[in-house]
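Spelled out, the chains give:
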Amino acid sequence: MGGGGGASTYEAGNTTATPGARGGGIIIIICDTLKGNGKIITAAGGSPGTSVSGNTGAGGGGGGGSIAVYLQSYSSGAASAITISVNGGKGGNTSNAWGEGGGGGGGLILTNNITAPAGVIKSVTGGAGGNKNPSPSTGTPGLDGGTLENFSPLLNGFLYNSIRSAVTGDQTDSICSNMAFGTISGTIPFGGTYQWQSSTVANPSETDFSDISGATNKDYTPGLLTQTTWYRRVVTKTGTPVIVDKSKPVKIIVQPFIKNNIIGDPDTVCYAQNAKTLLSRAVLQDGNGIYSFRWKISTDNSLFAEPANNDSIETYTPEPGLKFTSWYKRTVTSGRCVDSSAIVRINVLDTISNNAILNTPQDICFGSVFTDLTATTTSTTPVLSGGDATYRYLWESSINGSVWAPAPGTNNQTGYLPAELPERAPLNEYKFRRVVKSGMQDVCVSTSQIILLRDYPVLTNNKVITGEQKICSGSAPAILTGTDPLNGNGTYTFIWQDSSKASPVWTDITGSTLRDYQPPALTDTTSYRRKVFSSSCSDISKSVRVNVHKP
């Protein structure tokens with residue numbers, strides 16, 4: 001402890017001299033870690049409070065005190081900065097010819113032998129002497145104090161036995177039941193042996209603790225815990241007397257691990273479709289009962305990152321118009337418990353390409369059959385592709401092109417065989433298209449172009465109404481008149497044919513494309529007939545003969 005400053009004298013009848021200032025006290029600190037945070041620990045000597053006047057002397061400054069610090073470490077970084085001061089006090093001032101006060105001497109700083117960081121400052125400076133006016137002079141300053149680094153306190157019945165969680169730094173911590181707890185660290189006592197004890201009784205009493213087998217080191221690592229547990233460390237120092245020091249207990253609160261963190265089923269969508277919202281498939285349980293969520297997404301099932309849209313609620317809706325196969329997982333945090341769900345994949349398939357009917361539109365006349373409809377497959381050119389490369393087919397038909405229904409007959413093959421209906425005027429018209437589906441639950445769907453098939457009724461009323469004629473050789477017969485045909489598609493073309501004794505084969509007559517025909521002058525008996533064409537329908541009339549008599 002620093003001594004007080006000396007008092008001065010005064011002449012009778014004058015102002016009383018100021019007393020000497022108080023000396024610094026004694027500070028003893030025993031701790032595990034010292035966190036300075038830029039503060040000051042001081043046992044500095046004082047200074048007289050006022051200046052004196054008249055025939056009176058000023059008091060001296062108080063001597064610096066003593067500061068003893070025993071610790072195991074200083075905090076790191078800026079938190080280690082601290083000033084430990086035992087400076088002497090400044091001597092008192094006077095404004096007359098009497099004496100000014102001398103400065104107090106610096107005190108003593110004792111620490112144990114550990115290396116202090118740069119931010120730790122030890123100050124043992126002696127105090128400055130007081131000032132005298134009007135004849136300027138300064139009192140004698142105090143001498144500097146000193147520092148020692150061999151402080152080792154002798155404690156009677158106290159072994160400096162304190163424990164704490166290495167995570168929280170205090171006597172309470174928590175852990176999840178599926179996570180190994182870290183370390184409970186303890187101070188280094190002043191000698192003795194260690195024995196760790198535990199208890200699972202709520203608010204345990206002295207007799208509720210029992211020894212942990214093999215736990216005889218300075219620190220203790222509990223590992224996996226299944227219930228809330230209290231730990232304490234017993235330090236025993238032999239000798240006379242035997243000293244037993246039991247630390248305050250550290251309470252480790254054990255939260256049951258999170259259960260039922262199960263999210264939506266894997267899914268498959270087609271390119272640019274919206275995926276279903278990922279929902280919880282079970283009610284979350286345990287932890288501390290309060291849950292926070294964090295979703296992550298990956299496009300390679302390796303590197304996961306937080307998605308751009310809302311990712312901190314229980315459910316998650318993938319971004320609209322999904323274009324890449326993606327993997328999702330949800331992390332749930334509840335107190336000290338953290339659980340990551342199984343990964344769920346949403347598979348994105350390419351759209352179906354080249355779903356095309358290879359036939360061109362067809363017209364037939366009743367009695368004929370349509371050519372089978374063929375369409376692209378995985379072995380045609382172009383190649384049917386996209387989806388998951390497995391395809392399901394449905395041929396559809398429509399009467400008016402706006403309402404579609406499954407086509408009659410076998411309609412689930414790559415191609416389709418149309419069935420011809422009974423003859424009908426003015427025609428039977430068929431519209432067909434092929435729907436191709438692929439992927440789970442047919443998520444990819446493609447509809448081909450429409451193909452039109454028409455079935456016209458057979459031609460009728462194709463007659464030559466001019467009767468058989470007799471003419472002389474070299475004369476021209478009367479015009480051959482034909483009826484207007486019926487059915488077909490309503491548009492008709494004609495060609496007349498002839499056959500004679502000289503040329504008994506039916507031969508098209510060049511330029512004879514009208515409904516009626518005027519034969520030329522004849523020298524031989526000749527027969528005529530008319531062919532009619534309408535779309536894919538054709539018909540040949542009965543023949544009519546022109547008899548030619550030779551001269």
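What this report covers is the structure whose coordinates are included nearby. Counting restarts for each chain: residues are numbered from 1 in the order of the written sequence. Under the rules for a predicted model, residues below a pLDDT of 70 receive no local features and side-chain atom pairs below 80 are neither given nor counted, while totals for whole chains, interfaces and linings still include all residues. Hydrogen atoms and water are omitted, and side-chain values are computed over all heavy atoms in the structure.

**A closer look at the overall build of the protein**
- Each helix is a run of DSSP H or I of at least 4 residues and each strand a run of E of at least 2, with the numbering of both proceeding from the N terminus. Within the protein, the secondary structure is distributed over zero helices and 37 strands.
- Only C-alpha atoms enter the radius of gyration; for comparison, a globular chain is expected to reach 2.2 Å times N to the power 0.38, where N is the number of residues. Computed over its C-alpha atoms, the radius of gyration of the protein comes to 57 Å, more than 25% above the 24 Å expected for a compact globule of 551 residues.
- For the protein, the spread of C-alpha atoms along the principal axes amounts to about 195 × 70 × 35 Å.
- The buried label goes to any residue with under 20% of its type's maximum accessible area, the exposed label to any with over 50%, and the partly exposed label to all in between, with areas taken from a 1.4 Å probe on protein chains only. Each of the 551 residues in the protein was classed as buried or not, and the buried ones make up 42%.
- We call two residues in contact whenever any of their non-hydrogen atoms come within 4.5 Å of each other. For the protein, contacts bridging at least 24 residues in sequence account for 67% of all contacts bridging at least 6.
- Looking at charge distribution, the protein has the averaged site of its 41 positive side-chain charges lying 1 Å from that of its 38 negative ones. In this charge count, Lys and Arg are treated as positive and Asp and Glu as negative; neither His nor the chain ends contribute. Just so you know, the charge point we use is NZ for Lys, CZ for Arg, CG for Asp and CD for Glu.

**Observations regarding the sheet that holds strand 8 (residues 120-123)**
- With respect to topology, three strands assemble into an open sheet ordered 3-6-8, the strand pairing being parallel. Looking at strand neighbours, the two that pair on one side only are strand 3 (39-42) and strand 8, the edges of this open sheet. Neighbouring strand axes in the sheet, compared pairwise and without regard to direction, differ in orientation by 15 degrees on average.
- Pairing of strand 6 (residues 82-85) with strand 8 involves four bridges; the strand directions are parallel. The partner of S85 across the bridge, within strand 8, is S123. Pairing between strands requires that DSSP locate at least two bridges from one strand to the other. Axis definition: a line fit to C-alpha positions, over the contact stretch in the case of helices; interaxial angles, taken between N-to-C directions, run 0 to 180 degrees.

**Focus: the sheet that holds strand 4 (residues 66-70)**
- With parallel pairing, four strands are arranged side by side in an open sheet as 1-4-7-11. Either end of the sheet is taken by a strand with one partner, and the two such strands are strand 1 (26-30) and strand 11 (146-148). Here the strands of the sheet are splayed against their neighbours by 10 degrees on average, with no regard to which way each runs.
- Taken together, the three bridges between strand 7 (residues 108-111) and strand 11 define a ladder with parallel strand orientation. Opposite L108, over in strand 11, you have G146 as the bridge partner.

**Thoughts on the side chain of S448**
- Its place among the elements puts S448 in the loop between strand 30 (444-447) and strand 31 (451-456).
- Take S448: its relative accessible area is 8%, and that puts it in the buried class.
- The term polar contact refers here to a pair of N or O atoms within 3.5 Å; inside protein, the definition further demands a hydrogen-donor-capable atom paired with an acceptor-capable atom, and it admits residues adjacent in sequence only when both atoms are side-chain atoms. At a separation of 2.8 Å, a polar atom in the side chain of S448 contacts the main-chain amide nitrogen of R434.
- With sequence-adjacent residues up to four places away left out, S448 is seen in contact with N355, A356, I357, R433 and R434.

**Some words on the pattern of salt bridges**
- In what follows, salt bridge is the name for a side-chain nitrogen of Lys or Arg lying within 4 Å of a carboxyl oxygen of Asp or Glu. Scanning the model with the defined rule gives 16 salt bridges in all.
- Its salt-bridge partner being K122, residue E149 comes within 3.5 Å of it at the nearest N-O pair. With E149 in the loop between strand 11 and strand 12 (163-165) and K122 in strand 8, this residue pair connects regions lying 27 residues apart in the sequence.
- By relative accessible area, which is 42% here, E149 ends up partly exposed.
- For K122, a relative accessible area of 28% corresponds to the partly exposed category.
- Two residues, K246 and E206, come together in a salt bridge whose shortest N-O distance is 2.2 Å. Taken as a pair, K246 in strand 18 (residues 243-246) and E206 in the loop between strand 15 (193-199) and strand 16 (210-211) lie far apart in primary sequence, 40 residues in all.
- Owing to a relative accessible area of 40%, K246 belongs among the partly exposed residues under this scheme.
- Counted as one network, the salt bridges with shared partners bring together E206, R232 and K246.

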